[in-house]
Amino acid sequence: MSEARTEAEGGAGRAEELLKPVEIGGQTLKNRAVLAPLTRARAGESRLANSLMAEYYAQRAGAGLLISEATTVSAQGDGWVGSPGIYTDAQGEAWKQVVDAVHAQGSLIYLQLWHTGRASHSSFHGGELPVAPSAIKIEGEGVQTVAGKQPHETPRALETEELAGVVADYAAAARRAKEAGFDGVEVHAANGYLLDEFLQSKTNHRSDAYGGSLENRYRLLGEVVDAVSQVFPAERVGVRLSPNGVFNDMGSPDFRETALYVAQRLDSYGLAYLHVVDGLAFGFHELGQAMTLDEFRPVFSGTLMGNCGYDLAAAEEALSAGRADLIAFGRPFLANPDLVERFAEGWALAPVPDPSTWYSGEVTAEGYTTYPAYRESLAVAGGQA
């Protein structure tokens, strides 16, 4: 799946399978296209959702389902400048305007629950070290802070007795999400953040009940899903995994065994979906053959969502072959707020914008809500759709 092809062509033909409705969690999505969770850092220092964010999500509500940007479940989970939270009542209340804006467009929206784990920095926590399953530092580029990019630090390993509090944070965040009107939540267990760190043998060297065996490494994610499913029914809860990913210095020799075990355990819940970052557009750890959605079908009987590097042609093929039930698009949505309509009409896609515009850290519209829909572009040019 070529990100370059997505930028240049958007894939061949027009959408057919992608435009078919599908049911998840007892609710009908108007199509099978999903807005992938994209950190855009427009919440400002307050970490409060705002009217600009409501406009951004409403612009992209051509997707049947929108997954919010990663949203921290606790102050301990913070680790990205300008990202939103949902660990205070004020933060929960602020999200209502976003939910209402999306619902007004006839789409559903799930909130992605996030704890950055070792990917954070002490400057986010009053000098206290970020936390992780084990005291293992990220190797590679540093973390962006309010003072600029800083080297990664060796995190503090969470004590066993602290983990119940982490689980409680996820449950409280889910309650606020429900009060804000979200249709469901997605548990972020991918991309090298806290729950992924517990799952992977590379980052989890614990000797207690949360480390060692596959069962133990899965334990924290299982407890989080249990807790969140007491707030939303399990059929309104999704989970995201990234078995092929190298982001945040991830990749374990037993990645395939781990991912399939996790998927099999999650299958018993009757989740809304399992969101698998199966594409390689963001890098691959190369510790074996890359995992595909086909491998998850025998162990996960529910709805499968593919993600990362899909263009229209690849999405149509995956859906028609039955490998995926939903396809999430990320980067193509940045400069194409009307992406689904462009797919439906066979219109050209605007190219993916320069990465320097992706994240702001401030509440700024430029490079966020300033991309015109195709019909608007034609109107400015004096043409017709």
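Attention here is on the structure that accompanies the text. (Residues numbered from 1 in each chain as written. Predicted model: local features only at pLDDT ≥ 70, side-chain atom pairs only at ≥ 80, totals over all residues. Heavy atoms only, no water.)

With respect to the overall build of the protein chain
Operational definition: Only DSSP runs of H or I with at least four residues qualify as helices, and only runs of E with at least two residues qualify as strands; both kinds are numbered from the N terminus onward. Taken over C-alpha atoms, the radius of gyration is set against a globule rule of 2.2 Å times the number of residues to the power 0.38. Think of it in three bands: residues with accessible area under 20% of the maximum for their type are buried, residues over 50% are exposed, and the middle band is partly exposed, with areas taken using a 1.4 Å probe on protein chains only. In this analysis, two residues are considered to be in contact whenever any of their non-hydrogen atoms come within 4.5 Å of each other. Residue-level accessible areas treat just the shown protein chains as cover; the underlying method is Shrake-Rupley with a 1.4 Å probe.
Looking only at helices and strands, one finds 13 helices and 14 strands in the protein chain. The C-alpha radius of gyration of the protein chain comes to 20 Å, within 12% of the 21 Å expected for a compact globule of 385 residues. C-alpha atoms of the protein chain, sized along the principal axes, occupy 65 × 45 × 40 Å. The 385 residues of the protein chain split such that 58% are buried. Counted over contacts in the protein chain with a minimum sequence separation of 6, partners at least 24 positions apart contribute 75%. For the protein chain, the computed accessible surface area is about 14500 Å², with 49% contributed by carbon and sulfur atoms.

Let's talk about the pairing of strand 13 (residues 304-307)
Basically, it comes down to this: Any two strands with at least two DSSP bridges between them are considered paired. Handedness of a crossover is defined as follows: with both strands directed away from the viewer, a clockwise route from the first strand across the helix to the second makes it right-handed.
Side chains of strand 13 alternate between two faces, with Leu304 and Gly306 and Met305 and Asn307 buried alike. With 3 bridges connecting them, strand 13 and strand 14 (residues 326-329) associate as parallel partners. Looking at the pairing, Gly306 lines up with Ile327 of strand 14. Each parallel crossover has a hand, and the one from strand 13 via helix 10 (residues 312-320) to strand 14 is right-handed.

Observations concerning the packing of aromatic side chains
Applicable threshold: Only Phe, Tyr and Trp rings are paired, with Trp represented by its six-membered ring, and only when their centres lie within 6.5 Å; those with planes under 30 degrees apart are stacked, over 60 edge-to-face, the remainder tilted.
Applying the stated criterion to the full structure yields 12 aromatic pairs. Between Trp80 and Trp114, the ring centres sit 6.4 Å apart and the planes meet at 50°, which makes this aromatic pair tilted. Here the residue Trp80 occupies a position in the loop between strand 4 (65-72) and helix 3 (89-94), and Trp114 occupies one in strand 5 (residues 108-114), the gap between them amounting to 34 residues. Classification of Trp80 as partly exposed rests on a relative accessible area of 22%. Overall, the relative accessible area of 1% leaves Trp114 in the buried class. Taking 6.3 Å as the distance between ring centres and 85° as the angle between the ring planes, the aromatic pair formed by Trp358 and Tyr359 counts as edge-to-face. The exposure class of Tyr359 is partly exposed, given its relative accessible area of 39%. Ring pairs connect the aromatic residues Trp80, Trp114, Tyr193, Phe247, Trp358 and Tyr359, which therefore count as one cluster.

Digging into the sheet that holds strand 11 (residues 237-241)
Sheet strands pair by backbone hydrogen bonding; their relative direction is either parallel or antiparallel. Defined as follows: For helices, the fitted line uses only the C-alpha atoms of the stretch in contact; every axis is such a line through C-alpha atoms, and the angle between N-to-C directions lies from 0 to 180 degrees.
One closed barrel accounts for 8 strands, arranged 3-4-5-10-11-12-13-14; its pairing is parallel. Here the average twist between neighbouring strands, direction ignored, is 25°. Examined bridge by bridge, strand 11 and strand 12 (residues 273-277) share 4 bridges and lie parallel to one another. Within strand 12, the residue paired with Leu241 across the bridge is Val276. Helix 5 (residues 163-180) rests against strand 5 and strand 10 (184-188) of the sheet, and its axis sits at about 160° to strand 5.

Description of helix 2 (residues 51-59)
The α-helix advances 3.6 residues per turn, and as a result positions three or four apart in sequence lie on the same side. Here is the rule: For this analysis, a polar contact is any N or O atom pair within 3.5 Å, provided that within protein one partner can donate a hydrogen and the other can accept it, and provided that sequence-adjacent residues contribute only side-chain to side-chain pairs.
Those residues of helix 2 not exposed but buried are Leu52, Met53, Ala54, Tyr56 and Tyr57. Residues of helix 2 that are buried make contact with strand 3 (33-35), strand 4, helix 4 (96-103) and strand 5. The opening residue of helix 2 is Asn50, an N-cap whose side-chain oxygen sits 3.1 Å from the backbone nitrogen of Leu52.

Focus on the pattern of salt bridges
This is how it is decided: The rule for a salt bridge is simple: a side-chain nitrogen of Lys or Arg has to be within 4 Å of a carboxyl oxygen of Asp or Glu.
If you walk through the whole model with that rule in mind, you get 14 salt bridges. The salt bridge involving Asp89 is made with Arg176; its shortest N-O contact spans 3.1 Å. With Asp89 in helix 3 and Arg176 in helix 5, the pair connects residues that are 87 residues apart, well separated along the chain. Among the residues examined, Arg176 registers a relative accessible area of 19% and is labelled buried. Across the pair Lys149 and Glu141 runs a salt bridge whose closest N-O atoms are separated by 3.4 Å.

Concerning empty space enclosed by the protein
Worth spelling out the cut-off: Method remark: on a 1 Å grid restricted to protein atoms, a set of points is classed as a cavity if a 1.4 Å probe fits but cannot get out and as a pocket if it is open with protein on both sides within 12 Å along at least five of seven lines; lining residues have an atom within 4 Å of a point. Grid points are joined across faces, edges and corners, and a volume is the space filled by probe spheres set on the points. Just so you know the grouping, Ala, Val, Leu, Ile, Met, Phe, Trp, Tyr, Cys and Pro go in nonpolar, Asp, Glu, Lys and Arg go in charged, and all remaining residues, Gly too, go in polar.
Applying the stated criterion to the full structure yields 1 cavity of 30 Å³ or more. Taken together, 13 residues make up the lining of the largest cavity; nearest its centre are Asp196, Gln200, Pro243, Thr258 and Ala259. Of all the secondary-structure elements, those providing two or more residues to the lining of the largest cavity are helix 6 (194-199) and helix 8 (255-267). Top element by residues in the lining of the largest cavity is helix 8. It accounts for 4 residues. Class assignment for the residues of the lining of the largest cavity results in 7 nonpolar, 4 polar and 2 charged.

Section: the nonpolar core
Note the following rule: By nonpolar core is meant a set of buried Ala, Val, Leu, Ile, Met, Phe, Trp, Tyr and Cys residues that side-chain atoms within 4.5 Å join together.
Leu18, Trp95, Leu221, Val239, Leu274 and Phe329 are the most contacted members of the largest nonpolar core, which totals 92 residues. Those residues in contact with Trp95, other than ones at most four positions away along the chain, are Ala49, Met53, Tyr57, Ser68, Glu69, Thr71, Pro84, Gly85, Ile86, Leu111, Ala180 and Phe182. By size, the runner-up hydrophobic cluster in this structure holds 14 residues, among which are Ile24, Ala36, Tyr273 and Met305.

Looking at the side chain of Gln200
For Gln200, the location among the structural elements is in the loop between helix 6 and helix 7 (214-228). If sequence neighbours within four positions are ignored, Gln200 has contacts with Arg217, Met250, Gly251 and Ser252.

Quick word on the packing of helix 7 against helix 8
Selection criterion: Any angle that falls under 35 degrees is termed roughly parallel, while one over 145 is termed roughly antiparallel, one within 65 to 115 roughly perpendicular, and all others oblique. By definition, turning the near helix anticlockwise from the far helix through less than a right angle yields a left-handed crossing, and turning it clockwise yields a right-handed one.
Relative orientation of the contacting elements helix 7 and helix 8 amounts to 40°, with a least axis distance of 11 Å. Relative to helix 8, the element helix 7 lies oblique. Classified by chirality, the crossing of helix 8 by helix 7 is right-handed. From helix 7, Leu214, Glu215, Arg217, Tyr218, Leu221 and Val225 reach across to helix 8, where they touch Glu257, Thr258, Tyr261, Val262, Arg265 and Leu266. Of the residues that constitute the contact of helix 7 with helix 8, the class distribution is 7 nonpolar, 1 polar and 4 charged.

In short, the description is geometric, and any link to function would need to be established separately.
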